[in-house]
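Next come the chains, spelled out residue by residue.
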Amino acid sequence: MSSEHVLPERQLKELQKAMLDFMQTQGYADSAAVFARETDNEGFVADAKDRHHNLLAKKWTSVIRLQKKIMELESKLSKLQEDIHTGAVATRRGGGGGAAASQKTEWLPRPPAKTRLAQHRAPITRVRFHPQYTVLATASEDMTVKIWDSESGDFERTLKGHTKAVQDLVFDSKGAMLVTCSADLTLRIWDIADEYKCVRTLHGHDHCVSAVSFLGADKIVSASRDKTVKIWEVATGYCVKTLTGHAEWVRSVDVSADARQLVTASNDQSVRLWDPSTGECKADLRGHGNVVEIARFAPTNTYAALRRLAGLQAPSASAAVAEGQFVISGSRDKTLRLWDAASTQLLHTFVGHDDWVRDFVFHPSGKTLISVSDDKSMRVWDLATGRCAKTIEASDHFTTCIDFSTVSPVVATGSVNTEVCLWECR
């Protein structure tokens, strides 16, 4: 028999040890002894703390889950191919497109919730969809992050490592990494391709780390209760810059699409704009009457509606699509506010929520914004008129976070009641 094998030597050894762990823990002592001798692994003893412990069973479960997923995808592909051959797809899309396709991009979440995910044991702090796959990551005060199939609602895995509440999480633009931050003062980088292995822990903040975002492909920016914003190198984990200026807890941080600006929100009731290359605070936006929970840059596809709302003239073609022109913030004063980033002028106040505004997301169409609040509702705002176009009861408790999938028409919300709800848009 040939001694050649498919696996590299290191992976072969890992497999042998995983098999030995399985045989020893299942009581196959004689078989394990023979196998250990024949594979030059004599002396190996199964240990619950060893990384090989239960690895074979975990891998087997993952294979079964993947096989199930492949069968589901093959079934859907077969159905789509049948639709194409029969012309059903063209019929549904109105003969190829136009109005029907445009209408689809404007779909909004409809009650009741399609799926309720109930594995966490404490309030949900953040929900984030993967940028390329039907994967949802959820963070909780129970110190864990959970990964779900957002299409089926199936639970996939739990990421453990943080020792206090996980406050925020973010995927990089390619979906290769997940970064989390926690009240345990750390940030963690997880390698998605390597079974979500934690590859780096970042230390440097002196208090709870509240928010995290990617600054381009090679840096991370974080906000903390220690009143600072820090910029980190992904490759080394080193903090390369600390931004100071806020007088109290920095609740959120967002990065403009061109990575040239940061916007932060704070307990000091301000929204600040920063130049990440110099660390300089470029503007201090004041107007909220309470803690500002969240602030985000408006994407360029919202500009036409926002200019109409504010009564602004459209600038020259190049300036019309420049990133970071508008900021929207949400506060405990129950309002959302629209700001002109260049002039720092308050352009509009969205009034309608009955309690703290906790989070919001821009609709992919660029025409609406969806916010969530401690008033338990999810509200859809028309960006061209500033009016609340729709109110949905999102939870039986405070609704803390929201995200909109870029892969499929699904919205996720999280609540203090420990549940995550998935809402189908149609």
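Residues numbered from 1 in each chain as written. Predicted model: local features only at pLDDT ≥ 70, side-chain atom pairs only at ≥ 80, totals over all residues. Heavy atoms only, no water.

Ordered in space as β1-β28-β27-β26, the four strands form an open sheet in which the pairing is antiparallel. Only two strands of the sheet have a single neighbouring strand rather than two, namely β1 (115–117) and β26 (399–404). Across the sheet, the mean angle separating the axes of adjacent strands is 20° when strand polarity is ignored. Direction of pairing for strand β27 (residues 410–415) relative to strand β28 (residues 420–424): antiparallel, over a ladder of five bridges. Bridged to valine 410 within β28 is glutamate 424. (Pairing = 2+ DSSP bridges. Helix = DSSP H or I, 4+ residues; strand = E, 2+ residues; numbered from the N terminus. Axes fitted to C-alpha atoms, helices over the stretch in contact; angles between N-to-C directions.)

This structure, assessed with the given rule, holds 21 salt bridges. Note that glutamate 419 and arginine 116 form a salt bridge whose closest N and O atoms lie 3.3 Å from each other. Placement of glutamate 419 in the loop between β27 and β28 and of arginine 116 in strand β1 is noted, with a sequence separation of 303 residues between them. Between aspartate 354 and arginine 379 there is a salt bridge, with its nearest N and O atoms 3.8 Å apart. With aspartate 354 in the loop between β21 (346–351) and β22 (357–362) and arginine 379 in strand β24 (residues 377–382), this residue pair connects regions lying 25 residues apart in the sequence. Since its relative accessible area comes to 54%, aspartate 354 is described here as exposed. Linked by salt bridges that have partners in common, Arg126, Asp168, Arg296 and Asp359 make up one network. (Salt bridge = Lys/Arg side-chain N within 4 Å of Asp/Glu carboxyl O. Buried < 20%, exposed > 50% of the residue type's maximum accessible area, 1.4 Å probe, protein only.)

Now for unusual backbone geometry. Omega for the bond connecting proline 111 with proline 112 falls within 30 degrees of zero, at 0°, which places this linkage in the cis form. Within the secondary structure layout, proline 112 lies in the loop between α5 (98–104) and β1. At tyrosine 196, a residue that is not glycine, the phi angle is positive and equals roughly 60°. Turning to its location among the elements, tyrosine 196 is positioned in the loop between β8 (186–191) and β9 (197–203). Overall, tyrosine 196 belongs to the buried group, its relative accessible area being 9%. Backbone geometry at threonine 344 places phi at a positive 65°, although glycine is not the residue there. By the element assignment, threonine 344 lies in the loop between β20 (335–340) and β21.

Nothing here speaks to function; it is all geometry.
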